[in-house]
Amino acid sequence: QAQLVESGGGLVQAGGSLRLSCAASGRTFSIYTMGWFRQAPGKAREFVAAISWSGTTYYADAVKGRFTISRDNPKNTVYLQMNSLKPEDTAVYYCAIRNGGIRSRDGEYDYWGQGTQVTVSS
């Protein structure tokens, strides 16, 4: 079992920035991808960004150019720097981990964190 713990969520005004962190512990795979997803009220969970073990990144169109995903492999930690935030970015943000390369479907991730709330006011 792997445990993922997110932190860094909060309330911010539109145009502001937040940085989310997710630390993995317990079982981790030798080569793994870490991803961020989000779920707004009444909506399905959606892909935000992912980063492979080697540092390859992939973003949803809605966040491209505003969000940056990065990772610190020795610390088993992934970050999501969110700039130019919009009210439509309001959601619970989840990090997830999978064994292998980048995927954008949530069903292909093996372990999930508990989520952290991000609220962007207009």
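Up top you'll find the structure we're talking about.
Residues numbered from 1 in each chain as written. Predicted model: local features only at pLDDT ≥ 70, side-chain atom pairs only at ≥ 80, totals over all residues. Heavy atoms only, no water.

> Sorry, what's going on with the state of the cysteines here?
Where two cysteines share a covalent bond between their sulfur atoms, that bond is called a disulfide. One pass over the structure, following the stated rule, counts one disulfide. In this model, Cys22 is linked to Cys95 through a disulfide, with the two sulfur atoms separated by 1.8 Å. Between Cys22 and Cys95, the S-S torsion sits near 45 degrees, and that sign places the bridge as right-handed. Placement of Cys22 in strand β3 (residues 18-26) and of Cys95 in strand β9 (residues 91-99) is noted, with a sequence separation of 73 residues between them. (Disulfide = S-S within 2.5 Å. Helix = DSSP H or I, 4+ residues; strand = E, 2+ residues; numbered from the N terminus.)

> It is not clear to me how the pattern of salt bridges should be interpreted in this structure. Could you clarify?
Any two side chains of opposite charge can pair if their charged atoms end up close together. Under the defined criterion, the tally for this structure stands at six salt bridges. One salt bridge connects Asp61 with Lys64, and the closest N-O pair in it is separated by 3.1 Å. In this structure Asp61 comes out as exposed when scored by relative accessible area, which is 64%. Arg103 is the salt-bridge partner of Glu108, the closest N and O atoms lying 3.5 Å from each other. Among the residues examined, Glu108 registers a relative accessible area of 30% and is labelled partly exposed. Its relative accessible area of 36% is what places Arg103 among the partly exposed residues. In this structure, a network of salt bridges that share partners links the residues Arg38, Glu46, Arg66 and Asp89. (Salt bridge = Lys/Arg side-chain N within 4 Å of Asp/Glu carboxyl O. Buried < 20%, exposed > 50% of the residue type's maximum accessible area, 1.4 Å probe, protein only.)

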